[in-house]
Amino acid sequence: MAKGMREIKRQIKSVQSTKQITKAMEMVAAAKLRKAQEKAEAARPYSEKLKEVVASIAASTQDIQHPMLESRPVKKTAYLIITSDRGLAGGYNANVLRQVNQTLKERHTSQDDYELFVIGRKGRDYFRRREIAMASTTTDLSDSPSFADIKSIAHEAVKGFELAEFDELYICYNRFVNALTQIPTVERLLPMDTPEVTAAEGSSLGYEYEPSAEAVLEALLPRYAETLIYGALLNGKASELGAKMTAMGNATKNASKLINDLSLTYNRARQAAITQEITEIVAGANAAQG
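Keep in mind the model is a prediction, meaning the values are calculated, not measured.

Undergrad: Could you clarify how one ought to interpret the overall build of the protein in this entry?
TA: When helices and strands are counted, the protein shows six helices and five strands. Here the C-alpha radius of gyration of the protein, 29 Å, is well above what a compact globule of 290 residues would show, namely 19 Å. Here the C-alpha coordinates of the protein stretch approximately 115 × 45 × 25 Å along the principal axes. The 290 residues of the protein split such that 42% are buried. Contacts spanning at least 24 positions in sequence make up 77% of the contacts within the protein whose residues lie at least 6 apart. On the protein, roughly 16400 Å² of surface is accessible, and the fraction owed to carbon and sulfur atoms is 51%.

Undergrad: When you look at the nonpolar core in this model, what are you seeing that I'm missing?
TA: The nonpolar side chains of a soluble globular protein tend to be buried, and buried together. By size, the foremost hydrophobic cluster in this structure holds 41 residues, and its most contacted members are Leu80, Ile82, Ile150 and Leu190. Those elements that provide at least two residues to this core are helix 1 (2–60), strand 1 (77–82), strand 2 (114–119), helix 4 (147–162), strand 4 (168–178), strand 5 (181–190) and helix 6 (213–289). Broken down by element, the residue count for this core peaks at 13 residues, all from helix 6. With residues up to four places along the chain from it excluded, the contact list for Ile82 reads Tyr92, Val96, Ile119, Ile171, Cys172, Tyr173, Ile229, Ala232 and Leu233. Core analysis: the second largest hydrophobic core is formed by 14 residues, Leu97, Tyr114, Tyr126 and Phe127 among them.

Undergrad: Looking at this model, I keep getting lost on unusual backbone geometry. Mind explaining?
TA: Glycine aside, a negative phi is what most residues show, and trans is what most peptide bonds show. With an omega of 0°, the peptide bond between Leu190 and Pro191 qualifies as cis. Along the chain, Pro191 turns up in the loop between strand 5 and helix 5 (199–205). Backbone geometry at Glu131 places phi at a positive 55°, although glycine is not the residue there. Here Glu131 shows up in the loop between helix 3 (121–129) and strand 3 (136–138).

Undergrad: I tried to follow empty space enclosed by the protein on my own but got confused; where do I start?
TA: Over the atoms a probe the size of a water molecule is rolled, and this reveals where empty space is left. One pass over the full model with this rule turns up two cavities of 30 Å³ or more. Reported here for the largest cavity is a volume of approximately 60 Å³. Around the largest cavity, the lining residues are Ile82, Thr83, Ser84, Asp85, Tyr92, Ile119, Gly120, Leu141, Leu233, Gly236, Lys237 and Glu240. Split by residue class, the lining of the largest cavity holds five nonpolar, four polar and three charged. Its volume calculated, the second largest cavity comes out at about 30 Å³. In terms of lining residues, the second largest cavity is bounded by Lys35, Ala36, Lys39, Asp143, Ser144, Pro145, Leu234 and Lys237. Sorting the residues of the lining of the second largest cavity by element identifies helix 1 and helix 6 as the ones contributing at least two each. In terms of residue class, the lining of the second largest cavity is built from three nonpolar, one polar and four charged.

Undergrad: What exactly am I supposed to notice about the pairing of strand 1 here?
TA: Regular strands show a simple pattern: their side chains alternate between the two faces of the sheet. Where burial is concerned, most of strand 1 is hidden: six out of the six residues are buried. Note: strand 1 against strand 2, six bridges, orientation parallel. Among the inter-strand pairings, Ile82 is bridged to a residue of strand 2, identified as Ile119. One crossover worth recording links strand 1 to the parallel strand 2 by way of helix 2 (residues 92–107), and it is right-handed. For strand 1 and strand 4, the ladder comprises five bridges, and the chain directions are parallel. Note on strand 4: the bridge partner recorded for Tyr79 is Tyr170.

Undergrad: How should the sheet that holds strand 3 be read in this particular structure?
TA: Two pairing modes exist for strands in a sheet, parallel and antiparallel, and in both the strands are linked by backbone hydrogen bonds. The mixed open sheet is built from five strands, whose spatial order is 3-2-1-4-5. Each edge of the sheet is formed by a strand with only one pairing partner; in this case those strands are strand 3 and strand 5. Strand-to-strand twist of the sheet, defined as the mean angle between neighbouring strand axes without regard to direction, takes the value 20°. Bridge analysis of strand 2 against strand 3 gives three bridges, and the strand direction is parallel. What sits directly across from Ile119, in strand 3, is Thr138. Relative to strand 2, helix 3 is tilted by about 140°, and along the sheet it contacts strand 1, strand 2 and strand 3.

Undergrad: I would appreciate a short explanation of the layout of surface pockets in the present structure.
TA: For the largest pocket, the calculated volume is near 770 Å³. Lining the largest pocket are 28 residues, and of these Ser47, Tyr173, Leu228, Gly231 and Ala232 lie nearest its centre. With 10 residues, the top contributor of residues to the lining of the largest pocket is helix 6. Its residues placed into classes, the lining of the largest pocket shows 16 nonpolar, five polar and seven charged.

Undergrad: Explanation requested: the packing of aromatic side chains in the structure shown.
TA: To describe a pair of aromatic rings, one takes the distance between the centres and the angle between the planes. With the rule as written, the count across this model stands at four aromatic pairs. A ring pair is formed by Tyr79 and Tyr170, whose centres lie 5.7 Å apart and whose planes are at 25°; its orientation type is stacked. Separated by 91 residues along the polypeptide, Tyr79 in strand 1 and Tyr170 in strand 4 bring together distant segments of the chain. Classification of Tyr170 as buried rests on a relative accessible area of 13%. Taking 5.1 Å as the distance between ring centres and 90° as the angle between the ring planes, the aromatic pair formed by Tyr126 and Phe127 counts as edge-to-face. We note that Tyr126, like Phe127, is buried. If you follow Arg72 out to its NZ or CZ, it ends over the ring of Phe161, 4.3 Å from the centre.

Parameters at a glance
- Residues numbered from 1 in each chain as written.
- Predicted model: local features only at pLDDT ≥ 70, side-chain atom pairs only at ≥ 80, totals over all residues.
- Heavy atoms only, no water.
- Helix = DSSP H or I, 4+ residues; strand = E, 2+ residues; numbered from the N terminus.
- Rg over C-alpha atoms; globule rule 2.2 N^0.38 Å.
- Buried < 20%, exposed > 50% of the residue type's maximum accessible area, 1.4 Å probe, protein only.
- Contact = heavy atoms within 4.5 Å.
- Areas by Shrake-Rupley, 256 points an atom, 1.4 Å probe, with all protein chains shown as cover.
- Core = buried A, V, L, I, M, F, W, Y, C linked by side-chain atoms within 4.5 Å.
- 1 Å grid on protein atoms, 1.4 Å probe; cavity = no way out; pocket = protein on both sides within 12 Å on 5 of 7 lines; lining within 4 Å.
- Points joined across faces, edges and corners; volume = space filled by probe spheres on them.
- Nonpolar A, V, L, I, M, F, W, Y, C, P; charged D, E, K, R; others polar.
- Pairing = 2+ DSSP bridges.
- Right-handed = clockwise from strand over helix to strand, strands pointing away.
- Axes fitted to C-alpha atoms, helices over the stretch in contact; angles between N-to-C directions.
- Phe/Tyr/Trp six-rings, centres within 6.5 Å; stacked < 30°, edge-to-face > 60°.
- Lys NZ or Arg CZ within 6 Å of the ring centre and 35° of its normal.

In structure tokens:
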């Protein structure tokens, strides 16, 4: 009985140590989540201004033509997939990878029909284990990534569409709703739909372009697409941290429940041991009197 009580006590201490770790990780994820949300908000005005300029050019230019706006017969599709480098984030990676896998099975019959660009070690390892080729990967991103961190893979994906190496580009990520909810999303990035601008907005913009509207559009569209990829990355990073905060919060609650259950078991074992000792003492005293 004493050996069993020592084992229970050791388990309680072990779970208490784990609880301290998960609680600390939950608090760190919460702090990083606030920063990630602020960074995503800070990046939004730049993206919106680019969209405004592109819409203005589209509104003022007749018969606008650019490879990124051109819809063509789909022979090959590319997917840019955003995952995390580390685990302990609940179903964050599993959900988006399951959605991607389902999309690939529904839309393609052969690996030759699609190309993958993967951000994050979890996604890279997932496709590597399944022997699915990847055109490019990026790993080891910080919890506060900069545009420079993903510029190479974003540029490669956008350039591949411009050069007609594939005919569509989809971006796959977890869209952040709140710390409890992240929605696996697969949305088309290229070819782009020309942003619309209302007549009132068009008359109020009044841009002048040098050397020409077409030349400006040529430079802006690839950058706009790369900016949308970066925005999805920031959204995905907020989703990751939200999922991690929720997962560590649940782990902390489960640890507390387990500690309570083990403590109850320990107290019952201790009570049984004391009762047994009293019984033995009483029995010994009665035997001595007899």
